[in-house]
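# Chains, contacts and geometry: an overview
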Amino acid sequence: MQQHEKVTKLVGWFAKAALRHAEALEAMAEDLAAAEVADLNRYYHALQREGGVPDLLRLLEDPDPVIAGMVAVYAMREAPERCVARLSVIAREPGLMGFRAQTALERWESGEWEQ
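This section reports on the structure supplied with the text. Being a predicted model, the structure only gives us computed values, none of them experimental.

Attention now goes to the pattern of salt bridges. Scanning all chains against the criterion turns up 4 salt bridges. Put simply, D39 and R42 hold a salt bridge, and the shortest N to O gap is 2.9 Å. With D39 and R42 both in helix α2 (residues 30-50) and 3 residues apart, this pair spans about one turn of that helix. You can call D39 buried: its relative accessible area is 18%. Residue classification places R42 among the partly exposed residues on the basis of a relative accessible area of 47%.

Within the secondary structure, H21 sits in helix α1 (residues 3-26). Setting aside residues no more than four positions away along its own chain, H21 makes contact with A33, E36, V37, L40, M70 and R100.

Buried residues of helix α5 (residues 80-90): C83, R86, L87 and I90, and no others. Buried residues of α5 fall within an arc of 100° about the axis and therefore sit on the same side. On its buried face, α5 sits against α3 (53-57), α4 (65-74) and α6 (95-110).

Conventions and cut-offs
- Residues numbered from 1 in each chain as written.
- Predicted model: local features only at pLDDT ≥ 70, side-chain atom pairs only at ≥ 80, totals over all residues.
- Heavy atoms only, no water.
- Salt bridge = Lys/Arg side-chain N within 4 Å of Asp/Glu carboxyl O.
- Helix = DSSP H or I, 4+ residues; strand = E, 2+ residues; numbered from the N terminus.
- Buried < 20%, exposed > 50% of the residue type's maximum accessible area, 1.4 Å probe, protein only.
- Contact = heavy atoms within 4.5 Å.
- Arc of directions from axis to C-beta.

See the structure below:
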């Protein structure tokens, strides 16, 4: 498999895992949510190794705030200005999505950042 093809697949898998993670959170299925976090970590680290983070950053513009928000959280150290800007928009969303984005922003601003 060529690198571009591999990166494209990893980006797609990351987006799907972000959606499954959000579904698990909504269902209050902690084990499922934790499993998706493990997958997200694996995909993100693979994207870093493959030089695919710029490809992943394109998903900051995804219309689905679940996908864009997860990309912002994972790529915050690589593209802080872009990620903060996207999380600031998502933080205005109602419900859990907005709350989680606001919490991420507060952690970033306070220096307590962790993925």
